[in-house]
Amino acid sequence: CTHAEYAERVKAIREAAKDLGKEVFILADLQGPRIRVGKMPKNGRHLVEGEEVHFSTDEKFQSLEDRKVIYIDDPHLHTDITVGDPMYLSSGEMALEVERIEKDSVFARVTRGGTLFSRKGVNVPNTKLTISGLTEKDVKDLKYVVKEGVDYVAVSFVQCAEDVLKAREIAGDKIKIIAKIETNFALEEIDSILQVSDAIMIARGDLGIEIPIEKVPYVQKSLIRQAGEHGKGAIVATQMLMSMT
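The structure displayed is predicted, hence computed values, not measured ones.

Some remarks on the side chain of T127
Mapped onto the elements of the fold, T127 is located in the loop between β10 (121-123) and α3 (136-148). Within the local environment of T127, its side chain forms a polar contact with the side chain of D85, the two groups lying 3.0 Å apart. If we skip the residues at most four places from it in the chain, T127 touches D80, I81, D85 and F185.

Some points on the sheet that holds strand β11 (residues 152-155)
Read from one edge of the open sheet, five strands run β1-β11-β12-β13-β14, paired in parallel fashion. Edge positions in the open sheet fall to β1 (27-29) and β14 (233-237), since each of these has one partner strand only. Averaged over all neighbouring strand pairs, the angle between strand axes comes to 25 degrees, with direction disregarded. For strand β12 (residues 176-181) and strand β13 (residues 199-203), the ladder comprises four bridges, and the chain directions are parallel. Directly across from I178, in β13, lies its bridge partner A199. Docked against the sheet, helix α4 (residues 161-171) engages β11 and β12, running at close to 155 degrees with respect to β12.

Here's the deal with empty space enclosed by the protein
One pass over the structure, following the stated rule, counts one cavity of 30 Å³ or more. The computed volume of the largest cavity comes to approximately 170 Å³. In this structure, the largest cavity is lined by 14 residues; those nearest its centre are P33, L129, F157, T183 and E210. By residue class, the composition of the lining of the largest cavity is eight nonpolar, four polar and two charged.

Scoring rules and cut-offs
Residues numbered from 1 in each chain as written. Predicted model: local features only at pLDDT ≥ 70, side-chain atom pairs only at ≥ 80, totals over all residues. Heavy atoms only, no water. Helix = DSSP H or I, 4+ residues; strand = E, 2+ residues; numbered from the N terminus. Polar contact = N/O pair within 3.5 Å; in protein donor to acceptor, adjacent residues only side chain to side chain. Contact = heavy atoms within 4.5 Å. Pairing = 2+ DSSP bridges. Axes fitted to C-alpha atoms, helices over the stretch in contact; angles between N-to-C directions. 1 Å grid on protein atoms, 1.4 Å probe; cavity = no way out; pocket = protein on both sides within 12 Å on 5 of 7 lines; lining within 4 Å. Points joined across faces, edges and corners; volume = space filled by probe spheres on them. Nonpolar A, V, L, I, M, F, W, Y, C, P; charged D, E, K, R; others polar.

The quantities given are spatial measurements derived from coordinates; they are silent on function.
Next comes the structure, spelled out in structure tokens:
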């Protein structure tokens, strides 16, 4: 939502809670460094299995609708990703494998096809991203919600404890911070992440793209147990995406 919409919602929640004599906690969910494709044709672009697809991080491609090149809004992706790395589009509906990288272009072969629409998400589970942590938008949003009033803040796409600590610097000690566990790298750093967070959120949707789907139930239970061992809360976000159906 916009900052103005946030202010309206907070006011409405606080007034309703007061009228009903209830204690209601507000959680602000930061967007995080979500990677997305640019504009697609109105009816989407169909990716066929076996087809080589040309992606580019060059901004000159971001506003073109009918083209052969697909824009990706992460300016560092072409330097972060390597040949052989998997790419998943639109919540894992489509899968590709990187074949070659030339300047700011990434060429990938489609292994599972589908129709790609504008602004759909891109997941690269084996790639350590330069844009991890709080984005400029996250920092602005976090400063705003702290000023307007919030009880919890969820930090999206956490990869390490440092991502949480950066949010803590802005939010202070009175606001509780929830680390959203939705990347493969977060699982490797879970102990240090739990030490600096007040709780974790197990985001099954993105996690089901980052790791094999059949591992999600086990990882979910393991994360809940580890949170308990640290005396921290655990939230399971149960949204079932197409990749998990």
